[in-house]
Amino acid sequence: MRDRYTKLLHILQNSDGFVTGNDISEQLNISSRTVRNDIKDLNDNYLIGARIISNKRQGYQLEGELVGFKQRHHIEFEERAFYIVKALLDTKEWTTYEQLSQMIYFSPQTIRSDIQRISQMITSQKRNLSVEALVFQGIRLEGDEFDKRLLLESLVEKNFMTIKELYKELLVRFGGWVLEEELNLLSAVVIENLNKYIHDIPTGKLSSLLVHLIIAIYRIRHGYEIREGKEVEQSLDYEEFELTSKILEDVQEIFQIDIGNQEKMYFSLHLISQRIIVSFYNNETNIPQELKRELEKSLHDLGKQYDFRFNEDRLLVSGLLFHLAKAQYPLQYQLYVENPYISHIKMEYLLAYHIAVLLAHRLEKHLTFVVPESEIGYIALHIAAHIERTKRKKVRVAIVSGSGIGASMILKQKIQRHFLDIEIAGEYSLQMLDQIEENISLIISTMDVKKNGIPIIHVNEFLDEQDLKKIAVAINQGFLDRTLSENRFILLDENNKHDFLLRLTEKVKMEYLLDGILTREEMSSTEVGNYVAMPHPIAKNGK
């Protein structure tokens, strides 16, 4: 069933009487005609046990007891899960499947199945929670208060085209938890303070912060304040803590509540996870020594494995240290943030992303947090920047000229001006051919000469456009000849990923890599889009 239909039903459910068509159209950001069509579709094709009645002057009202929807239609699991978790947070008492069924208009059997999936979600998110069930009593959600909030937050859609659309969604989802006037005031406080650091705040970041605050305020009002938790060491100089104080000071005044230090710390971590404040640190006093030691060791080992000098690039090392030192705190609480660039990063920086996956895998073994795919993407950007700084391996070229030093110098300067990737190893006369080094990739000559094993192109004394094209083709052709030889390609036609990888490793006689490749796929798919993938194991030995 359409998400809009569910929201429409909740608007009617939360009303004591009729709701006008204009009110519904404004809340759902649709026309009055679309409202009429949606209600007709709901009555004709979805609702069981109830109908939406209409009155020309008063509007619409849900009449009867809605016991479910027709079998071929359903609300998406994520939306049902949100309302189930919200209902469980709303009471300390046991809640029956029948009660939940009446709240979200679905059968007790479906609710029972959803509860099992929610339990699986709790496990996958590593939340300190459990759904307790007692025969003849019902179920209830037990565990850490902060994890309860994070579970509910994870079930809220956060990407919207406009702020108006975001407000309408929050008022529908959190009906009974926040009033429209309160949401407007809360939003104004957040936006005003964030504007000091970022203009045109993305709706995804604004949504995430507002959802966090709506839930926190409601829970504090009902006596569920967080008073205990892990301390954040050596991080009080982060600007997010100052921003937290300013925002929450206004929130306390507006909502007439007291917000304790632990609640403030959690909101600070949420701000850090959103990467709203861009900081450039140059002192390592906030860097945990264990993190520094493990990062430098991992970079050394991976650099050796992939022939990069990571540890010698202090810009890379310090950048990753400062990034991870700050990110580790929200990561410890699974306060993950979406990375809108992850698909682009995986496609454009294949090698950097692969190395970032391996780096994250190594760090997880020794540190106290899991590195999600979104965070791996940010790490990959640091590594990609290093590769860009170091990858320009210049083509070594020898110049052979018979017109003297002056003409030779002009030829050299013109080549260097047009080809930044060329390194002139030397200028030689016809009599000096034997002195040309073996590691020369290309000879550019103004004379008809031969030198075994080295490609030669002939140009005019004063390079023209055709000569420049010949040099460019020669440089690129050397790369293509080495890379696109026919024996480098294998054609396969298999039914699934496992069979394809099995057959591929057999073809190249590297069956021992299969387990490592499959393990790597479980960590994060190596598919990068456009039917391209880069399957590989965790390490060279296939493990």
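No experiment lies behind these values; they were computed from the predicted model shown.

Criteria and thresholds
- Throughout this description, residue numbers start from 1 for each chain and increase along the sequence as written.
- Per-residue local features are limited, in this predicted model, to residues with pLDDT of at least 70; the limit for side-chain atom pairs, both in listing and counting, is 80 or more; totals at the level of whole chains, interfaces and linings are taken over all residues.
- Neither water nor hydrogens contribute to the side-chain values; these are computed over all heavy atoms in the structure.
- Under the scheme applied here, a residue whose accessible area is under 20% of the maximum for its type counts as buried, over 50% as exposed, and between as partly exposed, the area being computed with a 1.4 Å probe on protein chains only.
- Note on conventions: DSSP H or I runs of at least 4 residues are helices, E runs of at least 2 residues are strands, and numbering of each starts at the N terminus.
- When DSSP locates at least two bridges between a pair of strands, those strands are taken to pair.
- Every angle, taken between N-to-C directions, lies between 0 and 180 degrees, and every axis is a line fitted to C-alpha atoms, over only the stretch in contact when it is a helix.
- Helices are assigned an expected span. That span is 1.5 Å times one less than the residue count.
- Every residue pair with non-hydrogen atoms within 4.5 Å of one another is taken to be in contact.
- Residue types Ala, Val, Leu, Ile, Met, Phe, Trp, Tyr and Cys, when buried and joined through side-chain atoms within 4.5 Å, form a set referred to as a nonpolar core.
- When the centres of two rings from Phe, Tyr and Trp lie within 6.5 Å, Trp using its six-membered ring, the rings pair. Their planes under 30 degrees apart give stacked, over 60 give edge-to-face, and anything left gives tilted.
- Lysine NZ or arginine CZ positioned within 6 Å of the ring centre and within 35 degrees of the ring normal marks a charge as sitting over the ring.
- Any carboxyl oxygen of Asp or Glu that lies within 4 Å of a side-chain nitrogen of Lys or Arg is treated as forming a salt bridge with it.

Colleague: Can you help me understand the pairing of strand β7 (residues 442–445) in this one?
Modeller: The side chains of a regular strand alternate, residue by residue, between the two faces of the sheet. The alternating pattern of β7 places Leu 442 and Ile 444 on one face and Ile 443 and Ser 445 on the opposite face, and all of these are buried. Bridge count for strand β5 (residues 395–400) against β7 is four bridges, and the pairing is parallel. Across the sheet, the residue bridging to Val 397 is Leu 442, located in β7. Here β7 pairs with strand β8 (residues 456–458) via three bridges, running parallel. Pairing of Ile 444 across the sheet is with Ile 457, part of β8.

Colleague: Would you take a moment to explain the sheet that holds strand β6 (residues 422–428) for this structure?
Modeller: To summarise the sheet geometry, strands pair through backbone hydrogen bonds and adopt either a parallel or an antiparallel arrangement. The parallel open sheet is built from four strands, whose spatial order is β6-β5-β7-β8. Pairing within the sheet leaves two strands with one partner each, and these edge strands are β6 and β8. On average, each strand axis in the sheet is tilted by 25° relative to the strand beside it, whichever way the strands run.

Colleague: Just checking my understanding: could you explain helix α16 (residues 350–366) for this structure?
Modeller: The periodicity of an α-helix, 3.6 residues per turn, causes residues three or four positions apart to be oriented the same way. In a regular helix each residue adds 1.5 Å, so 17 residues correspond to 24 Å; α16 covers 25 Å between its end C-alpha atoms and thus fits that length. Contacts made by the buried residues of α16 are with α13 (289–306), α14 (314–332), α15 (342–348), α17 (373–390) and α21 (514–523).

Colleague: Quick question: what am I supposed to make of the nonpolar core here?
Modeller: The nonpolar side chains of soluble globular proteins are, as a tendency, buried together. Formed by 82 residues in total, the largest nonpolar core has its most connected members in Ile 52 and Phe 174. Listed in part, the 49 residues of the second largest apolar core include Leu 150, Phe 241, Tyr 266 and Leu 302.

Colleague: What exactly am I supposed to notice about unusual backbone geometry here?
Modeller: A negative phi holds for most residues other than glycine; trans holds for most peptide bonds. Positive phi outside glycine occurs at Asn 29, with the angle close to 60°. The phi dihedral of Gln 256 falls on the positive side, at around 55°, and the residue is not glycine. The topology assignment puts Gln 256 in the loop between α11 (239–255) and α12 (261–274). The exposed category is assigned to Gln 256, whose relative accessible area is 66%.

Colleague: So what exactly am I meant to see when it comes to the packing of aromatic side chains here?
Modeller: The description of an aromatic ring pair uses the distance of the two centres, along with the angle that the planes make with each other. Taken as a whole and judged by the stated rule, the model has six aromatic pairs. Plain terms: the ring middles of Phe 146 and Tyr 266 are 3.8 Å apart, the flat faces sit at 15° to each other, and that makes the pair stacked. Pair noted here: Phe 146 is in helix α7 (residues 145–153) and Tyr 266 is in helix α12, with a separation of 120 residues, a long-range link. Residue classification places Phe 146 among the buried residues on the basis of a relative accessible area of 2%. Seen from their ring centres, Trp 177 and Tyr 218 are 3.9 Å apart, and the 5° between their planes marks the pair as stacked. Linking Trp 177 in the loop between α8 (163–173) and α9 (180–194) with Tyr 218 in helix α10 (residues 203–221), this pair joins segments that are 41 residues apart in sequence. Among the residues examined, Trp 177 registers a relative accessible area of 5% and is labelled buried. Judged by relative accessible area, which is 10%, Tyr 218 ranks as buried. Three or more aromatic residues joined by ring pairs make a cluster, and in this case those are Phe 82, Tyr 83, Phe 174, Trp 177 and Tyr 218. A cation over an aromatic ring shows up here: Arg 117 above the ring of Phe 77, its NZ or CZ 3.8 Å from the ring centre. One cation-aromatic arrangement involves Arg 275 over Tyr 378; the distance from NZ or CZ to the ring centre is 4.1 Å.

Colleague: Is there a simple way to explain the pattern of salt bridges in this structure?
Modeller: For the coordinates displayed, the defined rule picks out 25 salt bridges. The residue Asp 114 makes a salt bridge to Arg 80 at a minimum N-O spacing of 2.6 Å. With Asp 114 in helix α6 (residues 108–124) and Arg 80 in helix α4 (residues 77–89), this residue pair connects regions lying 34 residues apart in the sequence. Like Arg 80, Asp 114 is buried. Notably, a salt bridge pairs Asp 301 with Lys 297, separated by 3.2 Å at the nearest N-O pair. Placement of the pair is Asp 301 and Lys 297 together in helix α13, with a separation of four residues, close to one helical turn. You can call Asp 301 partly exposed: its relative accessible area is 25%.

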